[in-house]
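Residue-level structure breakdown
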Amino acid sequence: MVFAVACGGGSGVPAGATEWEPQPDGEALAADGWLLSVWGPSADDLFAVGGQPDTGRVLRYDGAEWREEALGRSVPLLNWVFGFGPDDVWSVGNAGTILRYDGSTWSEVPSPTDQDLWGIWGDGPDSLYAVGGGTFGREGRSEATLLRWDGTAWSLVALPELDRPTAALFKVWGSGPSDVIVVGQEGVLLRYDGAAWTQVVLETTRDLISVWGTGPDRIAIAGGRSNAVMVTYDGSTWAERSLGATPGLNGVWMGTPDVVHFGSVEGNLLRVDFASGELLDEFFTDCPNFPCRDVHAVHGVDGAITAVGGNFSQPTGPYRGLVYARQLGADE
Amino acid sequence: MKRVLYLLAFSQVFVGCGDDPVPLAEGIYGSLGSALPTATEAQQDVFARGEEVALRRFAPTDGLGPHFNVVFCGACHEKPVFGGAGARYRDFLLVGQRVGTEGYLERGVSGVLPHYTVGQARRRATDEGADAFALRNPIPFFGVGLLAEISEEAILAHADPEDRDGDGISGRPNFDRGFVGRFGRKAQTVSIEGFIRGPLFNHLGITTDPLGPTSRAQLPVPSPETVRGSRAPLTGDVGRAVQFQAAAPDEPTEDDDGIPDPELAEDDLFALVSWAMLLAAPEPEPPTERTREGEGLFEAVGCADCHVRALESPRGLVPLYSDLLLHDMGPELADGVPMRDATGFEFRTQPLWGVAAAAPYLHDGRADTLDEAIRFHGGEARAARDGYAELASDARDALLAFLESLGGRAQRTPGLIAPDAPLGEVGTPGGPRRALDAEEAAKFLRGREVADTDRFRSEGLGPVFNGDACRACHFDPVPGGAGPTDVDVFRQAIPGEVNEPRGLAHRFSTEAERPAPADGATFFEARQTPTMLGMGLLDALPEALLEALADPDDANGDGISGRVNRLPDGRVGRFGWKAQVPSTREFVRDALTAELGFTLPPDPGQTFGALADDDEVPDPEIGLADMRDLEFWLNELAPPAPRASDPGAEAAGEALFASVGCTSCHAVVDGPDGPVRAYTDLLLHDVQPEAFRGVPDFDATEREFRTPPLWGLGQTGPWWHDGRSFSIEDAIARHEAEGGASRRAYEALRAEDRAALLAFLTSL
């Protein structure tokens, strides 16, 4: 019998791209905490959020170095960050935590839920969504949660009837106010068309962790937990793929229509062809100590891409964060 | 593999990746349940500690539940010794919900349907929407540490997912966090830690955190600290993660049972994982001409295409007779349950070492024998199956002889009692209650074997059943004893002004389904397994004596009004929680039918048990001779012997036991041969709280239960009819109605007097 499998590498470093590099100052700041999300208005102004299970933190990159932001308060673990510019940044976290940054101060915004919030995205400063719910094994304490910011307050949004007993929604992203996608536990996919939320029924029942795209016909979803699941939408069809030997996907970002950037458990950074699902290349972050650090989020802006993560498989610590970055090539 | 391009073709397994022949691994064999002979002294210590954890009975106060199937690891991995497989009574159900055309959503607890819920002595409802069930039979752990050491290349070398060589065999790996899976029926798990933490949660409700780096570094299967390329370029060789044991599940498990998580300490989890890793591989027997012939046939008909003889590990070739790959077994074996990348048709090739001692066979235990297991194969194995079936009878026997020679045969037993186990001393647990002559001793041993033997479907087990042997429920502390709460059975009833009994709601069927309750039965009541030790002394008590003890109208005004359970035919009941069975002979008949699904021969004067059922096995499914042997064994089993540890306190406790009124029901009665110190009047009493609802049985009302014997009390927990008391004191505290006055008197005692009374009870 014969077995052949395509492996890491293969397509070469994209033109103009550099190799992934750890960011020593960022990792030094994250030496005692995880990083779960990164976003920024520009390559020289990035925000990364995370912390320890009971303590949230925000790091900020100014183009030269990473520093810790003063939050002025103690908050639980922060899970996601998104914004509209250097003076309008939002972050959500455990126990319903919602923070807003106005360019000078982080303030806590009243939240209508005590569920953990895992994702936030908006199509404008007066129109945001946040999602969350429970984690694992907490029977009876978890509730899939969708919130809406209308410019003045956050409120709960009623979910459509789901075909599976999902307890958590993990991320939200949209291509515009009438095209918003929410992904969550057990393969739940919700879509908002500007008027109503409906479930897109997928075959996969694995957790879908995050979603990104470049437009309404170029949407990519990362998930799978242990083994990678990639879901794409090309404007007409939702395609579901198991990526076999690739470990579960956490983070996803797209800068061009044809290349999807993923970050996975076990610290892998991948590029995958949007249309075919073919693995273009795969990079392994350092694993100086077991357990390896997982990549949780990837985000690109201004020709650079940053990945963050941590050793989430060590829930009792010691906690170690991960920050890697590289320059993007022209076609990615 | 994904990180390096492989294009390997093996002509035979004795050639590894290089040119040099790879030797067979040495120092890997031992008797089943023993540690690897290469284990260091420190590893032997942790092996012993791990086995203690595997055998530890968990209670709700330890974190058991909220839902559970079993109360200890060894419950499922006990055959023929701890660390092994399990009989059918330890099968469990996977439960899921179909989504779309191919989607499958795990329901229950991580896809497992637990039978029990702590504090709710009721049958756990099947999850709403669940429409997919699959049966699983426990698999042995022998040699799993050696499987963990096998390289991914060695496994992938046999993969041929597109069947490019056209041999009809297209094995492919399953993956777990990017590593080649190797454990579980679908190779869904790469790490032994994961393979243990999952069931701890799914089957026991015991939460754990992943092992920390320090513990993982000390596991017997090593975890090197640096396994990857450092800052590798986008192209090029980036090195490989060769140590998969570090890829254990990433999340802590959590539950809401009120016990702080994690419920198992890291030291204990480390010991448990280490124990599993250190279990020796079953040692094959020296080849004979017959087994060589069988091995040749095994290869000739194609079995060895999947059951490859050996895979390479750092120790050399490990002869497990499996490629550890997934194969499509066709509709013949499909269970419809996807696990990671495995489909509902695919299963991992089961290792065959030690297969002689691992019956029943296949993922759901559907095969009683190796011959049957082979004939059940399908899909990719169809050609090999047909090749086997077409062999001459003698050739098939040679092939089976080869399989049986792959280890474990010397320790194989029909049940759990070791081959040639002695009779036992008179008066000792499991031994006879009196000296037996040679003929009686032989009958006693035959009866014990009847009780201990795991029954197969082909013998008449089912179609629905709770246990596949008498010993399946009665094994604490010895076969014939009581049972833990994880073998409780459920009585069912149609609710009404008076609940209308509908017999037992069984745990298992011989089909991969959860037996449905009787029509309209929505009320369930758990029943704890009582001890059978000393049964003959109770069987010998004359009916007139029990009738004389009764005081149905409380004529003496003491608030205690015991009644006999009068059966419709006039006999007096004495066995069972409701005293619903009149004799040991009827008890045997009742249990064989109700718990095992056996049909029985008629026996004049006896009314219990079924004479026919609708399975395919001719009735009766057991003979009268076996039943008489079983009855003899039960009647001759020694009662639990008192175990004094503090005679002074126990004597004081006995006096207090009488003075607070316990002996009004828990009485020592005079039998034909003297006092019977079972501490029961065998009568029905109402000791339940006001709101209690139960299931009537013959003349016993919903609220009435027979006074349970107290001998052996310290070794027969948990207590109460539904096993909800995990301490004797809690059981005392539950006494109401007729037992209320004694309970209050007990509670009014000084602490040291209560302790003395408990010491007495524990010593019985």
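Residues numbered from 1 in each chain as written. Chains lettered and ligands numbered in written order. Predicted model: local features only at pLDDT ≥ 70, side-chain atom pairs only at ≥ 80, totals over all residues.

Overview of the overall build of chain B
Per the secondary structure count, chain B includes 20 helices and 24 strands. The C-alpha atoms of chain B give a radius of gyration of 28 Å, which matches the 27 Å a tight globule of 764 residues would have. The dimensions of chain B, computed from C-alpha atoms along their principal axes, are 95 × 60 × 55 Å. Sorting the 764 residues of chain B into buried and exposed places 59% on the buried side. If you take every contact in chain B between residues at least 6 apart in sequence, the share linking residues at least 24 apart comes to 70%. (Helix = DSSP H or I, 4+ residues; strand = E, 2+ residues; numbered from the N terminus. Rg over C-alpha atoms; globule rule 2.2 N^0.38 Å. Buried ≥ 20, exposed ≤ 12 C-beta atoms within 10 Å, placed from the backbone. Contact = placed C-beta atoms within 7 Å.)

Quick word on the overall build of chain A
Assigned secondary structure in chain A consists of 1 helix and 29 strands. Here the C-alpha radius of gyration of chain A, 18 Å, is about what a compact globule of 332 residues would show, namely 20 Å. By its C-alpha atoms, chain A is 60 × 45 × 35 Å across when sized along the principal axes. When each of the 332 residues of chain A is scored for burial, the buried share is 54%. Look at the contacts in chain A between residues 6 or more apart in sequence, and 49% of them connect residues 24 or more apart.

Brief notes about the nonpolar core
Membership of the largest hydrophobic core comes to 124 residues, with the highest contact counts inside it found for Val-273 and Ala-276 of chain B. By residue number, the principal contributor to this core is helix α6 (residues 266-278) of chain B, which donates 9 residues. Contacts of Ala-276 of chain B, omitting those with residues within four sequence positions, involve Phe-141, Val-144, Gly-145, Ile-192 and Ile-196 of chain B. Of all hydrophobic cores here, the second largest spans 96 residues; its members include Leu-269, Ala-297, Val-323 and Tyr-324 of chain A. (Core = buried A, V, L, I, M, F, W, Y, C linked by C-beta atoms within 7 Å.)

Structural notes on the confidence of the model for chain A
Across chain A, pLDDT averages 91, with 94% of residues at or above 70. Within the model, pLDDT remains below 50 along residues 1-11 of chain A, and this stretch shows 39 contacts once partners closer than five positions in the same chain are excluded. (pLDDT = per-residue confidence, 0-100.)

Structural notes on the packing of helix α12 (residues 438-452) of chain B against helix α16 (residues 624-636) of chain B
Residues and elements named next belong to chain B. Two elements in contact, α12 and α16, have axes separated by 7 Å at closest approach and are oriented at 105°. Overall, the two elements α12 and α16 adopt an arrangement that is roughly perpendicular. Of α16, the residues touching α12 (which contributes Lys-443, Phe-444, Arg-446, Gly-447, Arg-448, Val-450 and Ala-451) are Asp-626, Asp-629, Leu-630, Phe-632, Trp-633 and Glu-636. Across the contact of α12 with α16, the residue classes tally to 6 nonpolar, 1 polar and 6 charged. (Axes fitted to C-alpha atoms, helices over the stretch in contact; angles between N-to-C directions. Parallel < 35°, antiparallel > 145°, perpendicular 65-115°, else oblique. Nonpolar A, V, L, I, M, F, W, Y, C, P; charged D, E, K, R; others polar.)

Looking at the packing of helix α4 (residues 192-204) of chain B against α6 of chain B
All names here are of chain B. Here α4 crosses α6 at 125°, and the two axes come no closer than 9 Å. Taken together, the axes of α4 and α6 lie oblique to each other. Relative to α6, the crossing made by α4 is right-handed. Taking contact as the criterion, the partners of Ile-192, Glu-193 and Ile-196 in α4 are, on α6, Leu-272, Val-273, Ala-276 and Met-277. (Left-handed = near helix turned anticlockwise from the far one by under 90°.)

Notes on the sheet that holds strand β17 (residues 189-192) of chain A
Residues and elements named next belong to chain A. Strand order in the open sheet made by the 4 strands is β15-β16-β17-β18, with antiparallel pairing throughout. Two strands bound the open sheet, and with one partner strand each, they are β15 (169-176) and β18 (197-199). Direction aside, the axes of adjacent strands within the sheet are offset by 20° on average. Two elements, β17 and β18, share 3 bridges in a ladder whose sense is antiparallel. Residue Leu-190 lies in a different strand from β18, and its bridge partner there is Gln-199. (Pairing = 2+ DSSP bridges.)

Looking at the sheet that holds strand β28 (residues 304-310) of chain A
Residues and elements named next belong to chain A. Read across the sheet, 4 strands follow the order β2-β29-β28-β27 without closing on themselves; strand pairing throughout is antiparallel. On the outer flanks of this sheet lie β2 (21-22) and β27 (294-301), each paired with one strand and no other. As paired strands, β27 and β28 are joined by 7 bridges and run antiparallel to one another. Bridged to His-299 within β28 is Thr-306.

Things to note about the pairing of strand β8 (residues 132-136) of chain B
All names here are of chain B. Within β8, 5 of the 5 residues are buried, which leaves the element mostly enclosed by the surrounding structure. In β8, alternate side chains face the same way, and those of Ala-132, Ala-134 and Arg-136 on one face and Phe-133 and Leu-135 on the other are all buried. The pairing of strand β4 (residues 92-99) with β8 spans 5 bridges and is antiparallel. Across the sheet, the residue bridging to Val-95 is Phe-133, located in β8.

Let's talk about unusual backbone geometry
The peptide bond linking Gly-65 of chain B to Pro-66 of chain B adopts the cis configuration, its omega dihedral lying at 20°. By the element assignment, Pro-66 of chain B lies in the loop between α1 (41-55) and β3 (67-68). At the junction of Asp-476 of chain B and Pro-477 of chain B, the peptide bond is cis and its omega measures out at -5° in the coordinates. At Arg-225 of chain A, a residue that is not glycine, the phi angle is positive and equals roughly 65°. Structurally, Arg-225 of chain A can be placed in the loop between β20 (218-223) and β21 (227-233).

Some thoughts on the environment of Pro-260 of chain B
Residue placement: Pro-260 of chain B occurs in the loop between α5 (213-218) and α6. Along the primary structure Pro-260 of chain B and Gly-723 of chain B are separated by 463 residues, whereas in three dimensions their C-alpha atoms are 23 Å apart.

Description of the confidence of the model for chain B
All names here are of chain B. Chain-level pLDDT for chain B is 91 on average; 94% of the residues reach the 70-or-more range. This model gives residues 1-18 a pLDDT under 50, and the stretch forms 44 contacts once residues within four places in sequence are excluded. Between residues 225-243, whose pLDDT stays under 50, and residues either more than four places distant or in other chains, the model counts 43 contacts.

Observations concerning the environment of Pro-338 of chain B
All names here are of chain B. You can see Pro-338 is positioned in the loop between α8 (330-333) and β15 (346-348). Overall, the presence of 22 C-beta atoms within 10 Å leaves Pro-338 in the buried class. Ignoring anything within four residues of it in the chain, the contact list for Pro-338 reads Tyr-104, Thr-343 and Gly-344.

Notes on the pairing of strand β13 (residues 145-149) of chain A
Residues and elements named next belong to chain A. Judged by how many residues are buried, β13 sits mostly within the fold: 4 of 5 residues are covered. Of the pairings in the sheet, the one linking strand β12 (residues 127-133) to β13 comprises 5 bridges and is antiparallel in character. Along β13, the bridge assignment pairs Val-131 with Leu-146. Across 3 bridges, the pairing between β13 and strand β14 (residues 154-156) is antiparallel. Counted as the bridge partner of Trp-149 is Trp-154 from β14. Hairpin connection, β13 to β14: the antiparallel pair is bridged by 4 residues, and Gly-151 has positive phi, about 105°.

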